[in-house]
Amino acid sequence: MTEAADTVARLRATFDSRVTAPLDWRLAQLRALRRMLVDRGADFERALHDDLRKHPDEARLTEIDVVVAEIDHALRHLRSWLKPKRHPVPLLVAPATATVVREPLGVVLIIAPWNYPVQLSLDPLVAALAAGNTAVLKPSELAPATAAVLHSLLPEFLPEAVAVVTGGADETTELLRERFDHIFFTGGERVGRIVARAAAEHLTPTTLELGGKSPVWVDGSTDLRAAARRIAWGKFMNAGQTCVAPDYVLTTPDLTKRLVDFVGQSVRQFYGADPAQSDSYGRIVSDSQFERLEGLMGAGTAAAVGEPDRSSRFFPPTVLTGIRPTDPVMQQEIFGPILPVVEVPDLDGAIAHIRAGAKPLALYAFTESAGARRRLLRETSSGAVSFGAPSAHLAVPGLPFGGVGASGMGAYHGERGLVTFSHEKAVLSKPLHPDTLRVAYPPFTARKDAIVRRVLGRLR
Ligand code: NAD
């Protein structure tokens, strides 16, 4: 038996023992996870600094606290989310009761990326445990310090129902040979396809949380300085390595210069004149990512605050203007601190541009025009839309978080996460007497047909 098979067998035995089903067990798991984050928060902060040079406050704000909020939301609502939901029955089936019961799936696999290695490992785990499953977590090998903390702490706080498997492609490939009851993957499109293919072998349902190019529309009705500050915040947080970061700006030529100046001012306010010296500015995760970002420069005119430094993997906050849709930086998800500004004649041009590309994970807009907001909502498709606050939607547990089309399939957070990791079982209960189904039994006669017609008169 391989190690992966062994791990899955152990978790399946736990699941089959029914220990994970009761509400109290689930609440206890969530409380233990919360305790881990509170008691050992400093371990996670240190690891996030080692992996990505995240400032401890940013680590709390964008990772640890987000998971704690997700846990608290689940603790508050889980009882009501699990109540069977009654549905009306049609006349032909009455008298009967029809309900939907949410049942656990079994053993689930969570594969996480490196960019928010705590949040994107543990938020899915909250949903998986709330739904009464056991789970294998595979953190990213590119955030090794965080993976090590998860590997050591999760079995300590959640000994029964969670296993952490560390490693990269080889270990994940081995895991993917096993049969899971759900696979929840966060990462890039390339590996997403590999996961989906492996899942198909076992007909395992998957949630794919992928990336893409999330655009920002800026028009003349907005407060340009305030908009630039929000864009700079969303873009340069974690050195641009955020799946919902604004990827590029779409705006009209008359606004470009002022917008670029305001973004530059915000960068200096956030990180000083030399962001390389700022403890609030992150680093690029690996040499290969650094080289990829260098390869995206070249086209257009760059305004950067600082010089790239390969040895420390410091890549400066950079705005690119004079960019054409065919330039390399517009051909892939940037996933780094480079912000291209693409000029379009008007909102029609922006909508046409967005519609011509793959459906993004998020669409952002800075406009005070209700008409423009309505048109963007109706005429484009994306995982989410946020007016005025890039990335902030994912901190709202009540909002489903996920992509559409190339940016992913399925969603989680809050109740939607519970549904993702549950089977919604239809349950019908009909008394044997009186036997109202008699009209449906053969032989079919004119009299029965008349009764059915009378009952279903409105339908035919
Ligand atoms: P990735 O796809 O390279 O890796 C994700 C996970 O897959 C890691 O755990 C990795 O070990 C594993 N993996 C790598 N190669 C594999 C293989 N051949 N077979 C099986 N598993 C393999 O993604 P990443 O570089 O860690 O993260 C960046 C990407 O993730 C970006 O595209 C970003 O947009 C996306 N992302 C999406 C979200 C979201 O919530 N939608 C969040 C963060 C990141």
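Residues numbered from 1 in each chain as written. Predicted model: local features only at pLDDT ≥ 70, side-chain atom pairs only at ≥ 80, totals over all residues. Heavy atoms only, no water.

Novice: Looking at this structure, I do not really get the domain arrangement of the protein chain. What am I missing?
Specialist: Many analyses report the size of an interface as the accessible area lost when the parts associate. Domain annotation of the protein chain identifies domain 1 (3-210 + 410-423) and domain 2 (215-397). For domain 1 versus domain 2, the distance between C-alpha centres works out to 30 Å. Summed over both sides, the interface of domain 1 with domain 2 buries roughly 1700 Å², with 57% coming from carbon and sulfur. Of all residues in domain 1, Arg53, Trp114 and Tyr116 bury the most surface against domain 2, accounting for 33% of the area lost on that side. Inspection of the region where domain 1 meets domain 2 yields zero salt bridges. The interface formed by domain 1 and domain 2 contains nine residue pairs in polar contact (both at pLDDT 80 or more). Per-element accounting of the side of domain 1 that touches domain 2 gives the leading share, five residues, to helix α4 (residues 56-81). Classifying every residue of the side of domain 1 that touches domain 2 gives six nonpolar, seven polar and four charged. (Domains from an automatic or database assignment. Buried area = accessible area lost by both parts, 1.4 Å probe. Salt bridge = Lys/Arg side-chain N within 4 Å of Asp/Glu carboxyl O. Polar contact = N/O pair within 3.5 Å; in protein donor to acceptor, adjacent residues only side chain to side chain. Helix = DSSP H or I, 4+ residues; strand = E, 2+ residues; numbered from the N terminus. Nonpolar A, V, L, I, M, F, W, Y, C, P; charged D, E, K, R; others polar.)

Novice: Please clarify how the nonpolar core should be interpreted in this entry.
Specialist: As a rule of thumb, nonpolar side chains are buried together in soluble globular proteins. Judged by nonpolar contacts, the single largest core of 105 residues is most densely connected at Leu33, Met36, Leu37, Phe44, Leu122, Leu125 and Leu154. Built from parts of two domains, this core gets at least three residues from each of domain 1 (3-210 + 410-423) and domain 2 (215-397). In this structure, Met36 is in contact with Gly41, Phe44, Leu122, Leu153, Leu154 and Phe157, ignoring residues within four places of it in sequence. Counting 19 residues, the second-largest nonpolar core is a separate cluster that includes Val136, Leu176, Ala198 and Leu210. (Core = buried A, V, L, I, M, F, W, Y, C linked by side-chain atoms within 4.5 Å. Buried < 20%, exposed > 50% of the residue type's maximum accessible area, 1.4 Å probe, protein only. Contact = heavy atoms within 4.5 Å.)

Novice: Would you take a moment to explain the pattern of salt bridges for this structure?
Specialist: Between side chains of opposite charge, a pair can form as their charged atoms come close. Inspection of every chain in the model, using the stated rule, returns 22 salt bridges. A salt bridge links Arg179 to Asp181; its shortest N-O distance comes to 3.2 Å. Note that Arg193 and Glu189 form a salt bridge whose closest N and O atoms lie 2.6 Å from each other. Pair noted here: Arg193 and Glu189 are both in helix α8 (residues 189-201), with a separation of four residues, about one helical turn.

Novice: Looking at this model, I keep getting lost on the site of the ligand. Mind explaining?
Specialist: Around the ligand sit 27 residues, and of these Ala112, Lys138, Glu141, Leu210 and Glu333 come closest. Separating an oxygen atom of the ligand from a side-chain N or O atom of Trp114 is a distance of 2.8 Å. With respect to the ligand, the backbone of Glu209 contributes an N or O atom lying 3.5 Å from a nitrogen atom. A total of 850 Å² of accessible area belongs to the ligand in isolation, and the protein chains cover 89% of it. At the level of secondary structure, the elements contributing two or more residues to the shell around the ligand comprise α7 (169-176), β6 (182-186) and α8. In terms of residue class, the shell around the ligand is made up of 15 nonpolar, eight polar and four charged. (Near = heavy atom within 4 Å. Areas by Shrake-Rupley, 256 points an atom, 1.4 Å probe, with all protein chains shown as cover.)

Novice: Sorry if this is basic, but what is going on with α8 here?
Specialist: One turn of an α-helix holds 3.6 residues; hence residues three or four places apart share an orientation. Between its terminal C-alpha atoms α8 stretches 19 Å, which fits the 18 Å expected from 13 residues at 1.5 Å a residue. Where the residues of α8 are buried, they touch β3 (107-111), α7, β6 and β7 (206-209). Looking at the residues trailing α8, positive phi occurs at Leu203, about 50°. (Expected span 1.5 Å × (residues − 1).)

Novice: Quick question: what am I supposed to make of the packing of aromatic side chains here?
Specialist: Given two aromatic rings, their pairing is described by the distance between the two centres and the angle made by the two planes. Tallying each qualifying case throughout the model produces eight aromatic pairs. Their ring planes at 55° and their centres at 6.1 Å tell us that Phe401 and Tyr412 sit as a pair that is tilted. Taken as a pair, Phe401 in the loop between β14 (384-387) and β15 (408-409) and Tyr412 in the loop between β15 and α14 (414-420) lie far apart in primary sequence, 11 residues in all. Here Phe401 and Tyr412 have matching classes, each one buried. An aromatic cluster is built from Phe184, Phe401, Tyr412 and Phe421, whose rings are joined through pairwise contacts. (Phe/Tyr/Trp six-rings, centres within 6.5 Å; stacked < 30°, edge-to-face > 60°.)

Novice: Is there a simple way to explain the environment of Gly188 in this structure?
Specialist: Considering the arrangement of structural elements, one finds Gly188 in the loop between β6 and α8. Looking at Gly188, the relative accessible area reads 38%, which means it is partly exposed.

Novice: Looking at this structure, how should I read the sheet that holds strand β16 (residues 422-429)?
Specialist: Through backbone hydrogen bonds, the strands of a sheet pair up, either in parallel or in antiparallel fashion. Within the open sheet, the three strands sit side by side as β1-β2-β16. Their pairing is antiparallel. If you trace the sheet from one side to the other, it starts and ends with β1 (85-87) and β16, each paired once. The average angle at which neighbouring strand axes cross in this sheet is 30°, direction not considered. One ladder, built from eight bridges, connects strand β2 (residues 97-104) with β16; its direction is antiparallel. Looking across to β16, one finds that Thr99 is bridged to Val427. (Pairing = 2+ DSSP bridges. Axes fitted to C-alpha atoms, helices over the stretch in contact; angles between N-to-C directions.)

Novice: Please explain the pairing of strand β11 (residues 318-321) as it appears in this structure.
Specialist: For a regular strand, side chains alternate in direction, first toward one face of the sheet and then toward the other. Side-chain alternation along β11 places Thr318 and Leu320 on one buried face and Val319 and Thr321 on a second face that is also buried. Sheet topology note: the strand β10 (residues 301-304)/β11 ladder contains four bridges and is antiparallel. By the bridge assignment, Thr301 is partnered in β11 with Thr321. As paired strands, β11 and strand β12 (residues 338-343) are joined by three bridges and run parallel to one another. When the bridges of β12 are listed, Leu320 appears paired with Pro340.

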